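Working through the structure, step by step
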Amino acid sequence: MYKKLKITRKKKIGSIPGTLLYTGEKVSAPVKVSLITYNSKDFDEGDITSFDHKKINNKDLVSWININGLHDTEVINKLNTIFPVHPLVLEDVLHVNQRPKMEDFKEYLFVVLKMFQYDVEKEVIKSEQVSFILYPNTLITFQEEAGNFFDGVREHLRRDKGKIRALNADYLMYALIDAIVDNYYLILEQLAEKIELLETEVFANPNKITLKRIHYLKQEIIMLRKSVWPLRDVTSLLYKDETDLVCSDTRFFFRDLYDHTIEVMDIVETYRDLTSALMEMYLSSISNKMNEIMKVLTMISTIFIPLSFFAGVYGMNFKHMPELELVHAYPLVLSFMATIAIVMLIFFKRMKWL
Amino acid sequence: MYKKLKITRKKKIGSIPGTLLYTGEKVSAPVKVSLITYNSKDFDEGDITSFDHKKINNKDLVSWININGLHDTEVINKLNTIFPVHPLVLEDVLHVNQRPKMEDFKEYLFVVLKMFQYDVEKEVIKSEQVSFILYPNTLITFQEEAGNFFDGVREHLRRDKGKIRALNADYLMYALIDAIVDNYYLILEQLAEKIELLETEVFANPNKITLKRIHYLKQEIIMLRKSVWPLRDVTSLLYKDETDLVCSDTRFFFRDLYDHTIEVMDIVETYRDLTSALMEMYLSSISNKMNEIMKVLTMISTIFIPLSFFAGVYGMNFKHMPELELVHAYPLVLSFMATIAIVMLIFFKRMKWL
Amino acid sequence: MYKKLKITRKKKIGSIPGTLLYTGEKVSAPVKVSLITYNSKDFDEGDITSFDHKKINNKDLVSWININGLHDTEVINKLNTIFPVHPLVLEDVLHVNQRPKMEDFKEYLFVVLKMFQYDVEKEVIKSEQVSFILYPNTLITFQEEAGNFFDGVREHLRRDKGKIRALNADYLMYALIDAIVDNYYLILEQLAEKIELLETEVFANPNKITLKRIHYLKQEIIMLRKSVWPLRDVTSLLYKDETDLVCSDTRFFFRDLYDHTIEVMDIVETYRDLTSALMEMYLSSISNKMNEIMKVLTMISTIFIPLSFFAGVYGMNFKHMPELELVHAYPLVLSFMATIAIVMLIFFKRMKWL
Amino acid sequence: MYKKLKITRKKKIGSIPGTLLYTGEKVSAPVKVSLITYNSKDFDEGDITSFDHKKINNKDLVSWININGLHDTEVINKLNTIFPVHPLVLEDVLHVNQRPKMEDFKEYLFVVLKMFQYDVEKEVIKSEQVSFILYPNTLITFQEEAGNFFDGVREHLRRDKGKIRALNADYLMYALIDAIVDNYYLILEQLAEKIELLETEVFANPNKITLKRIHYLKQEIIMLRKSVWPLRDVTSLLYKDETDLVCSDTRFFFRDLYDHTIEVMDIVETYRDLTSALMEMYLSSISNKMNEIMKVLTMISTIFIPLSFFAGVYGMNFKHMPELELVHAYPLVLSFMATIAIVMLIFFKRMKWL
Amino acid sequence: MYKKLKITRKKKIGSIPGTLLYTGEKVSAPVKVSLITYNSKDFDEGDITSFDHKKINNKDLVSWININGLHDTEVINKLNTIFPVHPLVLEDVLHVNQRPKMEDFKEYLFVVLKMFQYDVEKEVIKSEQVSFILYPNTLITFQEEAGNFFDGVREHLRRDKGKIRALNADYLMYALIDAIVDNYYLILEQLAEKIELLETEVFANPNKITLKRIHYLKQEIIMLRKSVWPLRDVTSLLYKDETDLVCSDTRFFFRDLYDHTIEVMDIVETYRDLTSALMEMYLSSISNKMNEIMKVLTMISTIFIPLSFFAGVYGMNFKHMPELELVHAYPLVLSFMATIAIVMLIFFKRMKWL
């Protein structure tokens, strides 16, 4: 029911820098490459198996090459012959535990991001690496698995909704990254729900499972935080005036995106504080409960242990115990005991234990 | 009695950037648009239903258009034909969970802020988004609900108090933002009162409800803090020399406002520390109380359990227990028991338990 | 005996910016204005009721106008006719919950500071706002109440001690601010004494009052910290090369002052850490004490509860209990009980409970 | 089984700066110096005993001098005659507790790093200092002990894999540092495994050993953190444009390395948070366990102590106790006792103790 | 055995800035002034009573004037006639609770540092203020007490070891500061030993004294930290290119010193974390111990309290208790009791209490 935190290896330790080697989980499905070309008038979509130079490099059209699956380095190599990039770029594309980053290689921009998805069944946040290579009118995207994150953008392209087809590849990249960041809000909502649920639980009936849940929540937020922080640098670099590949109009959109990433970070930090508060709350609740238990124990003991002693005294078998012979001794002792009990109860009342 | 923290969705996930879609709570009341035009001599006030170009764009008058309610995108669209702004601006106006920010679009400034109000009945801090679009002599403000925050400023305009009517739209914006920040102090006072109240409670009689209250207070401060931090950037941008829309005289006022926001932040941080100290205090108080309870239990047990044992010994039914026959055995045993009890009490005295 | 933290309102919410309104406690004593004029040869001192333009604005003399009490806005207004300042400056002078700050208005400098005083009787740190307006050879100071902070400086002026009379108004301002910062060290000494006292208490006999004391100490340090932080910015601005009103010779002194404020901040931070350590120490001490109590309870119970059981067994009234008839049964049972007790004690010894 | 943290002395206190004195553990093995010279065509490898000026300073070849062992200052001195460096550089090479750093001496670069290795047997992280001196086409490396960290790079050089032989000494240095940073990931994996293991332990059966383990893990992460932080400055200095010794092509690689060090830091910080969460979890688990224990104690006591009292009452030996004579008294009392027990159990049910 | 933290007064509050007044502990020993003059050929050493202008200001020789003891302001005044410095400098020299700092007065540099010494007997870290005034070829040092910190440097000067005599007064200052920083490592070693010792104690037998020790250690580290932080600024200012008094060759040495101070800071921070971890560990250990105690108490109580009840039942004196008459009742009841005890033990086993 609960996930384990997992830290996978960055790369085959000891390999030469620049080696092409996929480090994610092996998938049997074949790598699928899809190509969408469009401008404000035309639109063409389809899967491709070979990279047709002419088709892709048409200056009048924006090309979007999406590669689903990274385990077939052959495909990557073929692509590299048409779009030659620095060997470290391809290494970063395949080493799927990259820290999100943006690098400007003058002729192209390279962006690595994390995509998060909440797996409702396993109650786990799954992460996937998405890479972007942006040329003046071509965008190449790499996904580990076929996902439906980009379907909304595809639909807009098909139906020419918004102004997306009128603009260039940089706006396409913005639209895709925006779709990713939008998904972060979904994750945050899931976390918010969890926090609220756990809060109710802590107030109503804190137990061992609650503790486990708070712990896992904390862990998730710690791991999420680690992935969200570098995002700020990425979007900040994209909206500031440092590359020609992003035109000034698109910059406005990236600035908006930057605001959203800042907000995501703020929320993650806030959730972190809230979870810490929850843990404190849990500990205090347990202490409170212990206090309640101790009060009961102490009240019972404080009333009955002395009484038992008095009963014990008159249970002694001494020959010469004159009280035992008295006619009213028994009711007197009983009244004495009742008096002790009542005095104790008044004491507890004054101590605010009742 | 206690509020839940609520995190609403930023926008319809998957929508194209720039879509006009109000994300706040739906309100049935119609959107109300009011227009105030003034200069040092003239003053005109009224609700409007259509945007009359001439009336608004009179260069000799300052125009203040206030839009109460954001759920009718028609109104927003109409306004946009006269004051065309970047699509992301209108999106931000309608997506009411924006992080406070200020953006300079050369021809106009765009400012988003949070307004806080303490709902005494529900003991909840309510927040509302307020947006400002500032043109050279026109100010457009957007509120989610009709509120009375701006009534003070309106009154000053009507009665020509202060120099407000002698100055331009930038000073009007300052006066409105100042009214908002003033409200923050009211919220802070409420929090201060709560802290003092809870402190008294923690000292006098800490219980489960106290804990809950401290927890909610902490949560409120965490959420408030998240909204107050970005405010500093907004006012800082407004007082520094980067836009022509704010004249140098008004800058002095914004610098003052900036000082106030810094102070608000300082106070929020201080309250955060105070609440943490309160939580610690609560935990220590509970520990202290537990200690008191344990002392009572231990004293009672330590005195009576050994005594009960001795009583038990002389309650045994052995045939040959010579002590039982002795005449003075009973008073001797009783004295022995009293001695034990006294020794114990002296021991407790020395342990400082009494 | 203990003070409450108090957060007073910044200003009458909703008033127009620039309104002159004193927000401190109303004092019945009349506002007292004193004027000192001096140069290296001449010295004149006296209370004034009207501001004589000629007397004050004598270029050959340094004038120090000290205003004791802020509740009479008439006086402030009169002063303003001779020394016209920005309306926000006077607002800040009267709103006595300002954050310490320094503002350069070219013709004059405006400085707001907090003065602290330890009220030994009430065990409270009292704070008072002091404002300075510095003109080329005139210094105006505003105090809430008549205090004796500045008496030392006045004495030096009278007796021409040091080089104070040979220098200009900027050095006078330095000397006064230095007197204020000196007072901070007195407060810090009080706090240091409190910390040492509480430490002894925590080690010797931690109790409920100790906890309360630590809590209040913590609160005091949190509040003090909030006031001391902005001081650094003020002195830093004064010693750096940005205004003509402070001559380069005086800058050396302000640099020294800056070092002192940094040190005050360091000490406050250190005290904060020490108080946190004290709170931790308290909690640990309480835990330790509880452990001691539990040990006693457990030892007593573990020895006597089993013994009582055995006594109980031989107190049963079964007809056929052959042991009861035996002659040596009683001493044997007693020895058995003693053995159990000794075994228990050895066990406790090995557990290091004794 | 557990390691102790150890802080060795920086240098012989009181020695003159610049003294050559090895501060690591004395090793008896002789210092081994190996020389590899190569270009894209040629490759030569071998151990050397004397430094042959001509062989080393061949401008057409890249020379890599690796010194294994620092305890023989003679070797260092000999080397210094051919490659004269600042006396502080050699001091830093020999004082093996340097903070990682990079210094640019115009003619050569000096880099000090820490190499980490997990000693599986002793469960200890061992650290070793590695120093680099980079000349235009010569790289000198210093290791404390003969290790196999650099074997991978040597192999690549031998087999001319990748482009390593086509490039200069700066790329060689990059490849070696990359090998070191790769090893950090191995350490991090070991720590991740430990964290997961401890987490399972805390959930299943937290005990004293678990606590010790968490404590040591925390200590390891604190010590690791201290070594990893300065690494960022080193790689940052290497990839930024400040020295001619690293060519612009190699800079891309150092930028990649910089990203990796940032990631290592992120992971270390994350582990720190996770370990803190683990400690909190442990404490909460112990509290929970205590609660369980207290519940059992309280339930047993609360049921049986009152019952024992009633049994005690009817065990008293008063002459006149009319109930004792009644025929049904005994079963009635037993039923009464059972009722009390059942009431108690219902109470516990309602308190959610069962 | 344990020291108290002590905060001495900065200066006589209220005195005029620039007053010469020693604020350290009064010492009866007379102030000793020693003069060393040297260049690569000559060396002269001796105590002086009067400042001979010619002897000191010889341009061909480096002069080092060391003043041991600050309580005789006469000496300071005499020195000031030959080396006139800013009055604040002398004030800072005498006020021995200065924050470490470096100030550049063009003609001379002024440096204040803290020297730490571990007093093994009293287990206290003693601190002493050392001030340096550096002229082009003269260095004046001020110590509070005669110490042997500088003996190593003196010895090197005498024997002309290293290149110290070939270089100027700035290198001498470096050598002296280096000697001071070296001493910090000694203090750190003492602290490291204490941490290791306390760790063993916490694991083996945590008690009240352990807690006190951890508390004092924490306090020491907090106080040390306060003194070490400003050191970084001092050495950073010395190695960066801002004064002509330190030549570029010596800068390399100050850069090395800067690295050492950064390392000292890193270690202090690390020790802080380790001590915090120790405190947490202590608290957890105490909780663990309490758990153990509670287990014992609960086991004993849970086994014997119900058994005592059953014994009590058969100790009742009812006339009609048929079981009492049965022949095998007694052994049956005993077996029943044994069964209960065994069931309890199995329960404890399953709860992992045994």
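Further up the page is the structure itself.
As the structure is a prediction and not an experimental result, all values here were calculated from the model. (Residues numbered from 1 in each chain as written. Chains lettered and ligands numbered in written order. Predicted model: local features only at pLDDT ≥ 70, side-chain atom pairs only at ≥ 80, totals over all residues. Heavy atoms only, no water.)

Counting its regular elements, chain A contains eight helices and seven strands. For chain A, whose C-alpha radius of gyration is 34 Å, the value lies well above the compact-globule estimate of 20 Å for 354 residues. Dimensions of chain A, computed from the C-alpha atoms along their principal axes, are close to 120 × 40 × 35 Å. Within chain A, contacts between residues separated by at least 24 positions form 68% of all contacts whose residues are at least 6 apart in sequence. For chain A, the exposed area adds up to about 14,400 Å²; of that, 55% sits on carbon and sulfur atoms. In chain A, which carries 44 positive and 47 negative side-chain charges, the distance between the mean positions of the two groups comes to 6 Å. (Helix = DSSP H or I, 4+ residues; strand = E, 2+ residues; numbered from the N terminus. Rg over C-alpha atoms; globule rule 2.2 N^0.38 Å. Contact = heavy atoms within 4.5 Å. Areas by Shrake-Rupley, 256 points an atom, 1.4 Å probe, with all protein chains shown as cover. Lys, Arg positive; Asp, Glu negative; His and termini not counted. Charge placed at Lys NZ, Arg CZ, Asp CG, Glu CD.)

On to the relation of the copies chain C and chain E, then. Expressed as a screw operation, the relation of chain C to chain E combines 0.0 Å of axial shift with a rotation of 72°, fitting to an RMSD of 0.1 Å. Put plainly, the chains are arranged around a five-fold axis. For chain C, the residue whose C-alpha comes nearest the rotation axis is Gly315 of chain C, separated from it by 4.5 Å. Comparing interface residues between copies, only 16% of those in chain C also lie at the interface in chain E; the contact surfaces differ. (Least-squares fit on C-alpha atoms with pLDDT ≥ 70 in both.)

One turn of the α-helix equals 3.6 residues, which is why residues spaced by three or four share an orientation. Between its terminal C-alpha atoms helix α5 (residues 169-204) of chain A stretches 53 Å, which fits the 52 Å expected from 36 residues at 1.5 Å a residue. The element α5 of chain A is extensively covered by neighbouring structure, given that 29 of its 36 residues are classed as buried. (Expected span 1.5 Å × (residues − 1). Buried < 20%, exposed > 50% of the residue type's maximum accessible area, 1.4 Å probe, protein only.)

All names here are of chain D. Most of strand β1 (residues 32-38) sits inside the fold, with six of its seven residues counted as buried. Sheet topology note: the β1/strand β3 (residues 62-68) ladder contains seven bridges and is antiparallel. Residue Tyr38 lies in a different strand from β3, and its bridge partner there is Val62. Bridge count for β1 against strand β2 (residues 43-48) is six bridges, and the pairing is antiparallel. If you follow Leu35 over to β2, its bridge partner there is Gly46. Remark: four residues form the turn of the hairpin made by β1 and β2, two consecutive strands paired antiparallel. (Pairing = 2+ DSSP bridges.)

Each copy of the sequence occupies a distinct position, and chain D is placed on chain A by a rotation of 72° and an axial shift of 0.0 Å, giving an RMSD of 0.1 Å. Each copy contacts the other with its own distinct surface, as only 16% of the interface residues of chain D are interface residues in chain A too.

Take helix α6 (residues 208-239) of chain E next. An ideal rise of 1.5 Å per residue puts 46 Å on 32 residues; α6 of chain E measures up with 47 Å between its terminal C-alpha atoms. Regarding α6 of chain E, its N-cap is Asn207 of chain E, as a side-chain oxygen of that residue lies 3.0 Å from the backbone nitrogen of Ile209 of chain E further along. (Polar contact = N/O pair within 3.5 Å; in protein donor to acceptor, adjacent residues only side chain to side chain.)

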